[in-house]
Amino acid sequence: MSSKDEEVCIVGAGLAGCLMACFLAKRSYHVKVFELRPDRRKQSVAAGRSINLSLSDRGVVALKAAGIFDQVEPHLVKMPGRMIHPLNGDAFYQSYGRKPNELHYSLSRGGLNDILLSAAESSGDVSIQFSQKCVDLDWEASKLSFEDQESSRVSSLNFSHVIACDGAPSAVRAAFHKLPKFECRAEELGASYKELCIPPDPNGKYRLEKEALHIWPRGQFMLIALPNSDGSFTVTLFLPNTGEWSFESLKSEPRLEEFFQKFFPDCIELIPDFKKDFFANPTGHLATIRSFPWHFGDKALMLGDAAHAVVPFHGQGMNCSFEDCLELDRCLEEFSGDWLQAFAETEKRRKPNADAIAQMAIENYTEMRDEVRDPKFHLRKRLEWALEEKFPDRFLSRYSMVMFYHQYSYSEALERGKIQTEILQKLTDDIDDISKVDWTQAQSLVANRLSTL
Ligand SMILES: Cc1cc2nc3c(=O)[nH]c(=O)nc-3n(C[C@H](O)[C@H](O)[C@H](O)COP(=O)(O)OP(=O)(O)OC[C@H]3O[C@@H](n4cnc5c(N)ncnc54)[C@H](O)[C@@H]3O)c2cc1C
């Protein structure tokens, strides 16, 4: 059967669904995409409010491979480092990497989705049907059912292959539960998030350093802010669900005011609408989803959050989802369009990496909200860079591998990272200043424990 004759369906026209449609269109497949929501390009978005994401190397590589990066690039705001705002004392800047290319970008999620939707449609091989909620997948009949969100009418269509990109609450994943041996686990983080906003100043300028990810680490909770291209920052408050200072306890304006006065006094002026927005905006839920298998024969494959939602503390959920899409594209090439082999191999290559980034994202949560306040953490960061400089063929920080070097898989970053953490701990346990590092011991630890990169 030629690729043109097959009915390839994608469920979900979010970030992964649209990018996958672009890859398939480049291979001349006719693709039907079904999206729950109305076409967001036809909706009006309130001025000054835009939710943003961090795009890093893996995402950039996938967008370039699909031929879309040129359209995305003008909308990127560079984030070469983070600005840490302690409770007492002045804010300080910490660069993410040592080299000019070691940075990531802030960009509007909606803006990116719009670019991807238009790129998919303009290929001529992709049709996107909006307001269509996938409600069932019949494995025997190879049939998908959708409910039209305006008329509530349910219609069905036969498919040859389905790619599920319908995000964390995936309806296709629900159908996988009907299959024997399918396993899925949702691990709750115990914390949720709320989006707030730092508007531009009266002259339309940024109120904080533009080229940085801002963090207010406070132990059990934190605020972060990412720059938007319009002079505003999208702020996210991550807070436990229960406890003394939690979503459960912050139920009134006076209590919320007390919380900000106590922990984020410098943000009260920066986020003028914090009380209104806190109570008006939805509370976002945070969980890690691990599922297996991701594919069923050549009929269906889950990609992105549908297969493996991760918590957002490494800024990698989308980047990882884009890498999934790129891998499926490569496998279709490698196996000459044999869907069974391509699905099976994509799952085999990506599952260990999805598990690795899930773990690293949870670990980064503790680093961002807590460890960045510890002087030992900063000593280890300085030493990490010194080791990178002295032993460039063997030592590269885990953070850099994940964020800036797609050549190293998430699994490799996790594994090398474990060894590197042990080396850093050994070298810094009994010292408080980088001048006291025993470089002979460092040389021998690096040479004996780390293979060449
Ligand atoms: C607070 C927060 C911050 C984040 N920050 C970052 C970041 O900085 N960098 C990063 O890389 N990642 C980040 N992520 C993760 C990122 O948002 C996700 O990993 C990414 O959106 C996954 O893309 P996706 O296409 O798989 O899912 P989604 O983007 O969720 O898209 C799923 C699509 O499917 C549609 N859909 C759902 N159900 C159905 C149905 N039944 N039928 C039809 N369509 C359906 C949805 O409407 C949606 O359009 C963050 C996540 C959160 C929660």
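**Here's the deal with the overall build of the protein chain**
Within the protein chain, the secondary structure is distributed over 15 helices and 19 strands. Computed over C-alpha atoms, the radius of gyration of the protein chain comes to 23 Å, within 12% of the 22 Å expected from 2.2 N^0.38 for 453 residues, which places it in the range of a compact globule. For the protein chain, the spread of C-alpha atoms along the principal axes amounts to about 65 × 55 × 40 Å. The 453 residues of the protein chain split such that 53% are buried. Of the contacts made within the protein chain by residues no fewer than 6 positions apart, 70% connect residues no fewer than 24 positions apart. When the accessible surface of the protein chain is split by element, carbon and sulfur atoms take 48% of a total near 19900 Å².

**Side note on the packing of helix α12 (residues 375-390) against helix α14 (residues 410-428)**
Axis separation between α12 and α14 bottoms out at 10 Å; the angle between their running directions is 115°. As judged from the angle between their axes, α12 and α14 are roughly perpendicular. Here α12 and α14 pass one another in a crossing that is right-handed. Contacts between α12 and α14 involve Lys376, Leu379, Arg380, Leu383, Glu384 and Leu387 on the former and, on the latter, Leu424, Gln425, Leu427 and Thr428. The residue makeup of the contact of α12 with α14, split by class, is 5 nonpolar, 2 polar and 3 charged.

**Concerning the domain arrangement of the protein chain**
Taken as a whole, the protein chain is organised into domain 1 (3-50 + 109-185 + 287-364) and domain 2 (374-449). Between domain 1 and domain 2, the C-alpha centre-to-centre distance is 37 Å. Each partner contributes residues to the interface: domain 1 has 14 residues there, and domain 2 has 10 residues. The junction of domain 1 with domain 2 conceals about 1000 Å² of combined surface from both sides, 56% of it contributed by carbon and sulfur atoms. It is His314, Asn353 and Met360 that lose the most area in domain 1 upon contact with domain 2, and together they represent 45% of the buried surface on that side. Our enumeration of links across domain 1 and domain 2 arrives at 1 salt bridge. The partner of arginine 398 in a salt bridge is glutamate 363, and the shortest N-O contact between them spans 2.7 Å. Inspection of the region where domain 1 meets domain 2 yields 6 residue pairs in polar contact (both at pLDDT 80 or more). Elements that contribute at least two residues to the side of domain 1 that touches domain 2 include exactly α10 (317-334) and α11 (339-369).

**Some remarks on the packing of aromatic side chains**
Aromatic ring pairs are reported here in terms of the distance separating the ring centres and the angle at which the planes meet. Scanning the entire structure with this criterion turns up 24 aromatic pairs. Relative to tryptophan 339, the ring of tyrosine 29 lies with its centre 5.1 Å away and its plane at 70°, an arrangement referred to as edge-to-face. Of this pair, tyrosine 29 sits in the loop between α1 (15-26) and β2 (31-34) while tryptophan 339 is found in helix α11, placing the two residues 310 residues apart along the sequence. Exposure remark for tryptophan 339: the relative accessible area of 3% places this residue in the buried category. Among the aromatic residues, those joined into a cluster by ring pairs are Phe221, Trp245, Phe259, Phe260, Phe263, Phe264 and Phe274. Positioned above the aromatic ring of tryptophan 245, the side-chain terminus of arginine 255 is 4.0 Å from the ring centre.

**Observations concerning the side chain of arginine 218**
Structurally, arginine 218 is set in the loop between β14 (213-217) and β15 (222-227). For the buried arginine 218, no salt bridge is present, and the opposite-charge side chain at shortest range is aspartate 266, 4.5 Å distant. Those residues in contact with arginine 218 that sit more than four places away from it in its chain are His85, Pro86, Leu87, Phe263, Phe264, Arg369 and Arg373.

**Focus: the packing of α1 against α10**
Put simply, α1 and α10 touch, their axes get as near as 9 Å, and they point 25° apart. Of the possible angle classes, the one that applies to α1 and α10 is roughly parallel. Crossing of α1 against α10: the hand is right-handed. When α1 is examined against α10, the residues Leu15, Ala16, Leu19, Met20, Phe23 and Leu24 are found in contact with a partner set consisting of Met318, Ser321, Phe322, Cys325, Leu326, Leu328, Asp329 and Leu332. Residue composition of the contact of α1 with α10, by class: 12 nonpolar, 1 polar and 1 charged.

**Overview of the site of the ligand**
Neighbouring the ligand are 30 residues, the closest being Ala16, Glu35, Ser54, Arg109 and Asp305. With respect to the ligand, the backbone of glycine 317 contributes an N or O atom lying 3.3 Å from an oxygen atom. Residue methionine 318 places a main-chain N or O atom 2.9 Å away from an oxygen atom belonging to the ligand. Here the ligand has 1000 Å² of accessible area as a free molecule, and 87% of this is covered by the chains. Contributions of two or more residues to the shell around the ligand are made by α1, β3 (52-55), β9 (132-138) and α10. Broken down by element, the shell around the ligand gets its largest block of residues, 4 residues, from α10. In the shell around the ligand, the residues fall into 13 nonpolar, 11 polar and 6 charged.

**Describing the sheet that holds strand β5 (residues 81-84)**
Spatial ordering of the open sheet is given by β6-β5-β14-β15-β16-β13-β17, a layout of 7 strands whose pairing is mixed. Two strands close off the open sheet at either side, each with one partner strand: β6 (92-95) and β17 (283-292). Adjacent strand axes in the sheet meet at a mean angle of 25° when their direction is disregarded. As defined by bridge partners, strand β13 (residues 183-198) adjoins β17 across 9 bridges and the pair is classed as antiparallel. Counted as the bridge partner of alanine 186 is isoleucine 289 from β17. Those strands touched by α11 are β5, β13, β14, β15, β16 (233-240) and β17, and its axis lies near 145° from that of β17.

Rules of the game
Residues numbered from 1 in each chain as written. Predicted model: local features only at pLDDT ≥ 70, side-chain atom pairs only at ≥ 80, totals over all residues. Heavy atoms only, no water. Helix = DSSP H or I, 4+ residues; strand = E, 2+ residues; numbered from the N terminus. Rg over C-alpha atoms; globule rule 2.2 N^0.38 Å. Buried < 20%, exposed > 50% of the residue type's maximum accessible area, 1.4 Å probe, protein only. Contact = heavy atoms within 4.5 Å. Areas by Shrake-Rupley, 256 points an atom, 1.4 Å probe, with all protein chains shown as cover. Axes fitted to C-alpha atoms, helices over the stretch in contact; angles between N-to-C directions. Parallel < 35°, antiparallel > 145°, perpendicular 65-115°, else oblique. Left-handed = near helix turned anticlockwise from the far one by under 90°. Nonpolar A, V, L, I, M, F, W, Y, C, P; charged D, E, K, R; others polar. Domains from an automatic or database assignment. Buried area = accessible area lost by both parts, 1.4 Å probe. Salt bridge = Lys/Arg side-chain N within 4 Å of Asp/Glu carboxyl O. Polar contact = N/O pair within 3.5 Å; in protein donor to acceptor, adjacent residues only side chain to side chain. Phe/Tyr/Trp six-rings, centres within 6.5 Å; stacked < 30°, edge-to-face > 60°. Lys NZ or Arg CZ within 6 Å of the ring centre and 35° of its normal. Lys, Arg positive; Asp, Glu negative; His and termini not counted. Near = heavy atom within 4 Å. Pairing = 2+ DSSP bridges.

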